[in-house]
Amino acid sequence: MKMLRRTVLATLSAATLAASMGAIAQDIKPRLIRFGYGLNEQSNQGRAVKVFADEVEKLSGGKMKIRAVGAAALGPDTQMQQALIGGAQEMMVGSTATLVGITKEMALWDTPFLFNSAKEADAVLDGPIGQKVMDKLQEKGLVGLVYWENGFRNLTNSQRPVAKMEDLNGIKLRVMQNPVYLDAFKTLGANAIPLPFSELFSALETKTVDGQENPYNTILSSKFYEVQKYLSVTNHVYSPWIVLVSKKWWDQLSKAEQKVLLDAAKVSREFERKDTRAEAGRALTDLKGKGMQINELSPAESARMRDKLTKVNALIAANVGMDLWNETKTSLDKMRK
Ligand code: KDG
């Protein structure tokens, strides 16, 4: 009888030990976070995602782990945004321009020539106005953490240099899926065609579209120089990216876990802006070296394009609301005094 009792006790303690080991193993298994993005791993966007992932692992002591998925493998921006809202994906970084269908105030950042410099952009995006626009996402199921820099956008095409607005007439120009970009480039005389970023290279390669507009960094990292002969420097709009979290998922996190993600996002923002600006500074030389023919618009032609493009401002002000529009203009006027 004693033997039987000893065997039963031994079996029970082994099972308890296994269960507790299992529980500990369960405890230290990191929380896995799927983070999708649209450019490739070697791009400025991909490099910043890696910095974010490393920082999350460091700050959480290995308890939170980012599984970064690039090159739009989880779908284009709009598809990933819906996956976050539904809770099927935890995080992403993408363009604010593709968010206007969800949060109309994001159209503020589509305003042509809104910012004259990266310094102005940082001050507004990281200040109360940027936060106010970001907070509007929450009622739609998204949490914005920080803005990254996509950069000032410039025109490329396979047909001819764009030295004046009229040179855009008849150019099939791909634009982001966004009403302001569509309207703005139609106003300039281009045949504006909205396409997801993930389809852009093949559309250029097959001549489905003649041209596109993006920052130098993207023209380099996506190898558009292989299918685009002409680069015309317009700097027509400053384009932000935004790091997003599924609110459904965010609300389940502890305050400590939320702090890890926000602190890591701020570290990645500082890295991303420095890295992107350094690369953009070298880009024109690099792109010339890749065989692109580069032209800058004359001040007079730039002014004509600016006057024509800013005709969309009334549409933007109506969309984002006059209070937010006026607050932004006042803030910029103060900075420029
Ligand atoms: O995922 C790609 C997006 O980040 C997008 O913003 C890139 O600027 C872009 C474009 O032209 O689609």
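Not measured: the values here are computed from a predicted model.

Participant: Mind showing me how you'd approach the environment of Leu173 here?
Facilitator: Of note, Leu173 is situated in strand β6 (residues 172–175). With 58 residues separating them along the chain, Leu173 and Phe115 place their C-alpha atoms 23 Å apart. With residues near it in sequence (within four places) discarded, Leu173 still touches Leu155, Thr156, Phe185, Ala190, Asn191, Ala192, Ile193, Gly211 and Gln212.

Participant: Explanation requested: the site of the ligand in the structure shown.
Facilitator: In the vicinity of the ligand lie 13 residues, with Asp77, Ser95, Asn150, Arg153 and Arg174 positioned nearest. With respect to the ligand, the side chain of Ser95 contributes an N or O atom lying 3.5 Å from an oxygen atom. A total of 320 Å² of accessible area belongs to the ligand in isolation, and the protein chains cover 98% of it. Among the cavities detected, the one that contains the ligand is the largest cavity. Of the residues belonging to the shell around the ligand, the class tally is four nonpolar, six polar and three charged.

Participant: Is there a simple way to explain the layout of surface pockets in this structure?
Facilitator: Using a probe with the size of a water molecule, rolled over the atoms, empty space left in the structure can be pinpointed. Reported here for the largest pocket is a volume of approximately 150 Å³. Forming the walls of the largest pocket are Gly38, Leu39, Asn40, Ala71, Ala72, Phe197, Ser198, Leu200, Phe201, Ser222 and Phe224. Residues of the lining of the largest pocket, tallied by class, amount to seven nonpolar, four polar and no charged.

Participant: In this structure, what is going on with the pattern of salt bridges? I would like to understand it.
Facilitator: Opposite charge on two side chains makes pairing possible when the charged atoms of those side chains draw close. Throughout the structure, instances matching the rule amount to 22 salt bridges. Where Lys58 meets Glu55, a salt bridge forms, and the shortest distance between an N and an O atom there is 3.3 Å. Highlighted residues: Lys58 and Glu55, both in helix α2 (residues 44–59), separated by three residues, approximately one helical turn. Between Asp263 and Lys259 there is a salt bridge, with the nearest N and O atoms lying 2.5 Å from each other. Of this pair, Asp263 and Lys259 both sit in helix α10 (residues 255–289), separated by four residues, roughly a single helical turn. A relative accessible area of 26% places Asp263 in the partly exposed class. Taken together, the shared-partner salt bridges connect Asp122, Asp126, Glu149, Arg269, Glu270, Arg273 and Arg277 into one network.

Participant: I'm lost on empty space enclosed by the protein in this one. Help?
Facilitator: Inspection of the entire model under this criterion finds two cavities of 30 Å³ or more. What the largest cavity holds in volume is close to 210 Å³. Around the largest cavity sit 21 residues that line it, and Leu39, Asp77, Ser95, Arg174 and Phe197 are the ones nearest its centre. When residues of the lining of the largest cavity are assigned to their parent elements, the largest contribution, three residues, is made by strand β3 (residues 91–95). Of the residues that constitute the lining of the largest cavity, the class distribution is eight nonpolar, 10 polar and three charged.

Rules used throughout
In this numbering scheme, every chain counts its residues from 1 along its sequence in written order. In keeping with the model being predicted, local features are shown solely for residues with a pLDDT of at least 70 and side-chain atom pairs are shown and tallied solely at 80 or more, while totals for entire chains, interfaces and linings include all residues. Hydrogens are left out, water is left out, and the side-chain values use all remaining heavy atoms of the structure. Going along the chain from the N terminus, every DSSP run of H or I of four or more residues is numbered as a helix, and every run of E of two or more is numbered as a strand. Contacts were defined at the residue level, with two residues in contact if any of their heavy atoms lie within 4.5 Å. What makes a residue near a molecule or strand is one non-hydrogen atom of that residue sitting within 4 Å of it. Whenever a nitrogen or oxygen atom comes within 3.5 Å of another N or O atom, the pair is scored as a polar contact, on the condition that within protein one atom can donate a hydrogen and the other can accept it, and that pairs from neighbouring residues in sequence are kept only if both atoms are in side chains. To be clear on the numbers: accessible area is Shrake-Rupley with a 1.4 Å probe, and residue cover counts the displayed protein chains and nothing else. Method remark: on a 1 Å grid restricted to protein atoms, a set of points is classed as a cavity if a 1.4 Å probe fits but cannot get out and as a pocket if it is open with protein on both sides within 12 Å along at least five of seven lines; lining residues have an atom within 4 Å of a point. The way we define it, a molecule is inside a pocket or cavity when more than half of its atoms are within 2 Å of that pocket's grid points. Charged means Asp, Glu, Lys or Arg here, nonpolar means Ala, Val, Leu, Ile, Met, Phe, Trp, Tyr, Cys or Pro, and polar covers whatever is left, Gly included. Grid points are joined across faces, edges and corners, and a volume is the space filled by probe spheres set on the points. For this analysis, a salt bridge means a side-chain nitrogen from Lys or Arg found within 4 Å of a carboxyl oxygen belonging to Asp or Glu. Think of it in three bands: with a 1.4 Å probe and only protein chains considered, a residue is buried below 20% of the maximum accessible area for its type, exposed above 50%, and partly exposed in between.

Bear in mind that shape data such as this cannot, by itself, settle questions of function.
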